[in-house]
Amino acid sequence: MYFLYIRVISTEYKEDILLALESSEIYRASLVEGVNLDNAITRDLELFKGFFENVDNEEKKVLIINALVDKKEKIKDFVSILKESGLDIENEDILRILTWEVESLSDYL
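Since this is a predicted model, take the numbers as computed values, not measurements.

About the criteria used
- Residues numbered from 1 in each chain as written.
- Predicted model: local features only at pLDDT ≥ 70, side-chain atom pairs only at ≥ 80, totals over all residues.
- Heavy atoms only, no water.
- Helix = DSSP H or I, 4+ residues; strand = E, 2+ residues; numbered from the N terminus.
- Buried < 20%, exposed > 50% of the residue type's maximum accessible area, 1.4 Å probe, protein only.
- Contact = heavy atoms within 4.5 Å.
- Areas by Shrake-Rupley, 256 points an atom, 1.4 Å probe, with all protein chains shown as cover.
- Core = buried A, V, L, I, M, F, W, Y, C linked by side-chain atoms within 4.5 Å.
- Pairing = 2+ DSSP bridges.
- Axes fitted to C-alpha atoms, helices over the stretch in contact; angles between N-to-C directions.
- Salt bridge = Lys/Arg side-chain N within 4 Å of Asp/Glu carboxyl O.
- Expected span 1.5 Å × (residues − 1).
- Arc of directions from axis to C-beta.

### Comments concerning the overall build of the protein chain
Here is step 1 of the chain: Summing up its helical and strand segments, the protein chain has four helices and four strands in all.
Here is step 2 of the chain: Looking at the protein chain residue by residue over its 109 residues, the buried ones come to 27%.
Here is step 3 of the chain: Counted over contacts in the protein chain with a minimum sequence separation of 6, partners at least 24 positions apart contribute 83%.
Here is step 4 of the chain: Accessible surface, the protein chain as shown: approximately 7800 Å² in total, 50% of it carbon and sulfur.

So, in structure tokens, the structure goes:
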């Protein structure tokens, strides 16, 4: 079993990413919306606030998607589907994908 972690940087591609997950049979994923902390501290300080008035709120958003996946091939399919849909995930700052092998505690019960 694999733990899939996806950090969606460009939130305008949210629907494309969710459709690719479904098409690659990755179900029961969790989606968490948050704030990108890259420059959040300096933007929120009164001293620097005037410099960032025109910053789009979408730029501050980040999406985190987590899922347990039974086969590594499904993750490879997910990446292939994203590429086939026209997302240049290798050269554009759209998302980050991390996976690692995990064991379920229920395997020992």
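### Topic: the nonpolar core
Here is step 1 of the chain: Within the largest apolar cluster, 19 residues are counted, with the highest numbers of intra-cluster contacts made by Ile6, Phe78 and Leu82.
Here is step 2 of the chain: When residues of this core are traced back to their parent elements, those giving at least two are strand E1 (2–8), helix H1 (14–23), strand E3 (61–69) and helix H4 (72–84).
Here is step 3 of the chain: Those residues in contact with Ile6 that sit more than four places away from it in its chain are Leu21, Leu63, Ile64, Ile65, Phe78, Leu95, Arg96 and Ile97.

### Regarding the sheet that holds strand E4 (residues 95–101)
Here is step 1 of the chain: One open sheet holds the four strands; their spatial order is E2-E3-E1-E4, and the pairing between them is antiparallel. Each edge of the open sheet is held by one strand with a lone partner, namely strand E2 (30–35) and E4. On average, each strand axis in the sheet is inclined to that of its neighbour by 15°, with strand direction left out of account.

### Some details on the pairing of E3
Here is step 1 of the chain: Direction of pairing for E1 relative to E3: antiparallel, over a ladder of seven bridges. When the sheet's bridge partners are listed, Phe3 is paired in E3 with Leu68.
Here is step 2 of the chain: In terms of strand pairing, E2 meets E3 through six bridges, oriented antiparallel. Considered in E3, the bridge of Glu33 is made with Leu63.

### Quick look at the environment of Thr11
Here is step 1 of the chain: With respect to the helices, strands and loops of the structure, Thr11 is situated in the loop between E1 and H1.
Here is step 2 of the chain: Linking Thr11 and Lys61, residues 50 residues apart in sequence, is a C-alpha distance of 7.2 Å.

### Overview of the pattern of salt bridges
It is possible for side chains of opposite charge to pair when their charged atoms get near one another.
Here is step 1 of the chain: Under the counting rule described, the total for this entry stands at four salt bridges.
Here is step 2 of the chain: With a closest N to O distance of 3.0 Å, Lys74 and Asp70 form a salt bridge.
Here is step 3 of the chain: Classification of Lys74 by relative accessible area gives buried; the value is 16%.

### A word on H4
Each full turn of the α-helix corresponds to 3.6 residues, which orients residues three or four apart in the same direction.
Here is step 1 of the chain: For H4, built from 13 residues, the straight-helix expectation of 18 Å at 1.5 Å per residue is met to within 8% by its first-to-last C-alpha distance of 19 Å.
Here is step 2 of the chain: Taken residue by residue, H4 has Lys74, Ile75, Phe78 and Leu82 as its buried positions. Along the long axis of H4, the arc covered by the buried residues comes to 105°, so they all point the same way. Looking at H4, the residues exposed on the side facing more than 90 degrees away from the buried face are Lys76 and Glu84.

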